[in-house]
Amino acid sequence: MIQNFLYSVSTVLAIVLPIVGLVVGAVLGVLVYTLLQKKKLGDAKQSANKITEGAYAEAKEIRAQAKNAQKESILETKEEIQKLRTEYERELKERRNEAQRSEQRLMQREEALDKKEEALDKKTESIEKIKADLLEKETKIEAKRAEVDSAHERMISEIEKVSKLTREEAKAQLVHEIEEEAKRAAAVMVREIEASAKEEADKKARSIVATAVQRCAVDHSAEITVSVVNLPNDEMKGRIIGREGRNIRALENATGIDLIIDDTPEAVVLSGFDPVRREVARITLEKLIADGRIHPARIEEVVEKTRKELDAQIKETGENATFEAGVFGLHADLVRLLGRLKYRTSYGQNVLKHSLEVSYLAGLMAAELGADVKLAKRAGLLHDIGKAVDHEVEGTHITIGADLAKKYKESKEVVHCIAAHHNDIEPQSVEAIIVQCADAISGARPGARRESLDNYVKRLEKLEEIANSFDGVEKSFAIQAGREVRIIVKPESVDDNATVFMAKEIAKKIESEMEYPGQIKVNVIRELRSVEYAK
């Protein structure tokens, strides 16, 4: 039992002793930590006391320095105030002196003004005297003027009695004589200026135009708004008409062209405003006649095939035209429109050939004048492009052509030349004027264009009527197919100088009252003949 007790005691001690050791160690650690913290706290308090003492000492020193600086600042401020006071007193003294001097000057001026006022009073008195004298003289002058006016009236009355003319009639006669004299002087001057200007200009113009015309040789075809198809025999007319007219209706509906079948032997007339459709109808009818099979289904088939062939021909024609003119880079639609001009005529002149001729002429004249040859040729080729569609689009061919050129990205210069080639707008470039001249040359040269007999006769009669409407005209003749009107004047009524004015007035009246292609020459002739008989 003792052993068991001892074993139990030893076991308890083995457990308790380590625990006691841990507790004692922890207590000792806490004591040591506490002592260390107290020591650190004491050191911190000592450092804080030292810093506080240093700060107090520094503050005292700064306060002493601030007091010294304040004293110095006060002294400097007092010195500055004294300086300013001294300067202010000096400036005030100067201003008082200046005010005294100004007062003296004002007094002097017042004295001078008083003297001037006295002088003015004296002058006013003298002026009043002068006015009175002038009034007296003016009264005398009015009296003299009245006497002169009455004498003048008496003199005019005497002159009217002697000359048997009133004052208004004499004035009108004098004005008329002065006017006639001025007209004669102006006519002489105009003739001299025109003679000197034309002497050199005519030579150059003739050279340029002659060179251009000689180098341009383009054939012209005479086409109108109808086409004639020859038939092998009159029996073919019945086949073209068909049973109850079904063939001719099918052909007219498919082409949009009227077929005129009348008593003309072995011929059918195609009438239509659109030249391309008329050409389609002509080719179709010729193919049907050659083939012999004429019925509505066959007609529609041939018309469609012919239209495609003609479209290809139109494109090829336009390309050939651009190649001949040397104008490249045109839009494909413009090339097709050029090809359509082959089937368009103006006064019997083929428009495509006319456009080519204008392009050639414009290029030649531009080269002679040093202008832009490419621009002139391009504008000349396109100047009548509006005529290709003028039956489809409203407006003049000039407006339509300019719009087409803008639409297909032509340059502003080309558009301007097209818009100005009939003077619808004022030409602003040399090339525009060249295209105008080339167009006039191409249309006005003999044989280029023709018109109906009735219109031709009416135009000649109108020319002679306008010429005969002027005073002093003895007789007139329209010659050169209406390109010239020759006027014979009475030599006793019209002098040489007056013929210049008469020619200009007649030309203006023709321009305002007539429409005509190209230009008309007005030739006024005055001839004095003396006839005597030997008996």
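Our structure is the block above this text.
All values derive from a computational prediction rather than experimental measurement. (Residues numbered from 1 in each chain as written. Predicted model: local features only at pLDDT ≥ 70, side-chain atom pairs only at ≥ 80, totals over all residues. Heavy atoms only, no water.)

Draft legend 1. Region of the structure containing the overall build of the protein chain. Counting its regular elements, the protein chain contains 14 helices and eight strands. Per-residue burial over the protein chain gives 29% buried out of 535 residues. Considering only residue pairs separated by 6 or more positions, the protein chain has 61% of its internal contacts joining residues 24 or more positions apart. Total accessible area computed for the protein chain in this model is approximately 37100 Å², and 55% of it derives from carbon and sulfur atoms. (Helix = DSSP H or I, 4+ residues; strand = E, 2+ residues; numbered from the N terminus. Buried < 20%, exposed > 50% of the residue type's maximum accessible area, 1.4 Å probe, protein only. Contact = heavy atoms within 4.5 Å. Areas by Shrake-Rupley, 256 points an atom, 1.4 Å probe, with all protein chains shown as cover.)

Draft legend 2. Spotlight on helix H7 (residues 332-340). What H7 keeps buried is the set Leu334, Val335, Leu337, Leu338, Gly339 and Arg340. Where H7 is buried, its residues meet helix H5 (275-291), helix H6 (296-325), helix H8 (351-369), helix H9 (373-382) and helix H10 (397-407).

Draft legend 3. Representation of H6. Here H6 spans 43 Å end to end across 30 residues, near enough to the 44 Å set by a 1.5 Å rise per residue. In this structure, the buried side of H6 is in contact with helix H4 (246-255), H5, H7, H8 and H9. Just downstream of H6 lies Gly326, where phi reads positive at about 75°. (Expected span 1.5 Å × (residues − 1).)

Draft legend 4. Layout of the pattern of salt bridges. Within the structure shown, the criterion is met by 18 salt bridges. The partner of Glu94 in a salt bridge is Arg90, with the nearest N and O atoms 3.2 Å apart. With Glu94 and Arg90 both in helix H1 (residues 2-163), this residue pair falls four residues apart, about one helical turn. According to the relative accessible area criterion, Glu94 is partly exposed, its value standing at 44%. Residue Arg90 is classed as partly exposed on the basis of its relative accessible area of 46%. Note that Glu309 is salt-bridged to Lys287, the shortest N-O span being 2.6 Å. Here Glu309 is found in helix H6, whereas its partner Lys287 is found in helix H5, with 22 residues between them in sequence. Classification of Lys287 as partly exposed rests on a relative accessible area of 30%. Beyond isolated ion pairs, a larger network of salt bridges with shared partners links Asp291, Arg293, Arg298 and Glu301. (Salt bridge = Lys/Arg side-chain N within 4 Å of Asp/Glu carboxyl O.)

Draft legend 5. View of the sheet that holds strand E7 (residues 484-489). Reading across from one edge, E6-E7-E8 is the order of the three strands in this open sheet, with mixed pairing throughout. Single-partner strands in this sheet number two, and they are strand E6 (473-479) and strand E8 (521-526). The sheet shows a mean angle of 20° between the axes of neighbouring strands, taken without regard to direction. Each of E6, E7 and E8 touches helix H14 (residues 496-513); the most contacted strand, E8, lies at about 155° to it. (Pairing = 2+ DSSP bridges. Axes fitted to C-alpha atoms, helices over the stretch in contact; angles between N-to-C directions.)

Draft legend 6. Focus on the environment of Gly363. Structurally, the position occupied by Gly363 is in helix H8. What makes Gly363 buried here is its relative accessible area of 6%. Linking Gly363 and Ala325, residues 38 residues apart in sequence, is a C-alpha distance of 9.3 Å. Leaving out residues up to four positions away in the same chain, Gly363 has contacts with Val373, Ala376 and Lys377.

Draft legend 7. Inspection of the packing of H6 against H7 at higher detail. Running from N to C, H6 and H7 cross one another at 100°; their axes reach a closest spacing of 7 Å. When the axes of H6 and H7 are compared, the pair comes out roughly perpendicular. Listed contacts from H7 to Ile314, Lys315, Thr317, Gly318, Glu319 and Thr322 of H6 are Val335, Arg336, Leu338, Gly339 and Arg340. Of the residues in the contact of H6 with H7, the class split is three nonpolar, four polar and four charged. (Parallel < 35°, antiparallel > 145°, perpendicular 65-115°, else oblique. Nonpolar A, V, L, I, M, F, W, Y, C, P; charged D, E, K, R; others polar.)

Draft legend 8. How the structure looks around the pairing of strand E3 (residues 267-271). In terms of residue burial, E3 counts as a mostly covered element, since four of its five residues are buried. As defined by bridge partners, strand E2 (residues 258-260) adjoins E3 across three bridges and the pair is classed as antiparallel. Directly across from Asp258, in E3, lies its bridge partner Ser271.

Draft legend 9. Local environment of the packing of H6 against H8. Closest axis-to-axis distance for the H6/H8 pair is 10 Å, and the angle between their directions is 20°. As the angle between them shows, H6 and H8 are arranged roughly parallel. Of the two elements, H6 crosses H8, and the hand of that crossing is right-handed. Here Thr317, Ala321, Glu324 and Ala325 of H6 come into contact with H8, specifically with Leu352, Leu356, Ser359 and Tyr360. Split into classes, the residues belonging to the contact of H6 with H8 amount to five nonpolar, two polar and one charged. (Left-handed = near helix turned anticlockwise from the far one by under 90°.)

Draft legend 10. Representation of the side chain of Arg378 within the structure. With respect to the helices and strands, the residue Arg378 is situated in helix H9. Accessibility expressed as a relative area gives 18% for Arg378, which makes it buried. Residue contacts for Arg378: discarding those within four places in its chain leaves Val327, Phe328, Gly329, Leu330, Glu410 and Val414.

Draft legend 11. How the structure looks around unusual backbone geometry. In the Ramachandran plot, Glu244 falls in the positive-phi region, its phi being about 55° despite a non-glycine side chain. Even without glycine at this site, Lys409 takes up a positive phi of about 65°. Note on placement: Lys409 falls in the loop between H10 and helix H11 (412-420). For Lys409, a relative accessible area of 73% corresponds to the exposed category.

Draft legend 12. Geometry of the nonpolar core. Within the largest apolar cluster, 27 residues are counted, with the highest numbers of intra-cluster contacts made by Leu330 and Ile385. Once residues within four sequence positions are removed from consideration, Ile385 is found in contact with Leu334, Leu337, Leu338, Leu341, Gly401 and Leu404. Membership of the second largest hydrophobic core comes to 25 residues, among which are Ile248, Leu259, Val280 and Ala281. (Core = buried A, V, L, I, M, F, W, Y, C linked by side-chain atoms within 4.5 Å.)

Draft legend 13. The environment of Leu375, seen in detail. Structurally, Leu375 is set in helix H9. As a C-alpha pair, Leu375 and Val414 span 39 residues in sequence and 6.8 Å in three-dimensional space. Discounting residues that sit within four places of it in the chain, Leu375 has contacts with Glu413, Val414 and Glu431.

Draft legend 14. Inspection of a positive patch on the surface at higher detail. On the surface, Lys60, Arg63, Lys67 and Lys71 cluster together into a patch of positive charge. Inspection of the secondary structure puts Lys60 in helix H1. By relative accessible area, Lys60 is classed as exposed at 61%. (Patch = residues over 30% accessible without salt bridge, like charges linked within 9 Å, V, L, I, M, F, W, Y side chains within 5 Å. Lys, Arg positive; Asp, Glu negative; His and termini not counted. Charge placed at Lys NZ, Arg CZ, Asp CG, Glu CD.)

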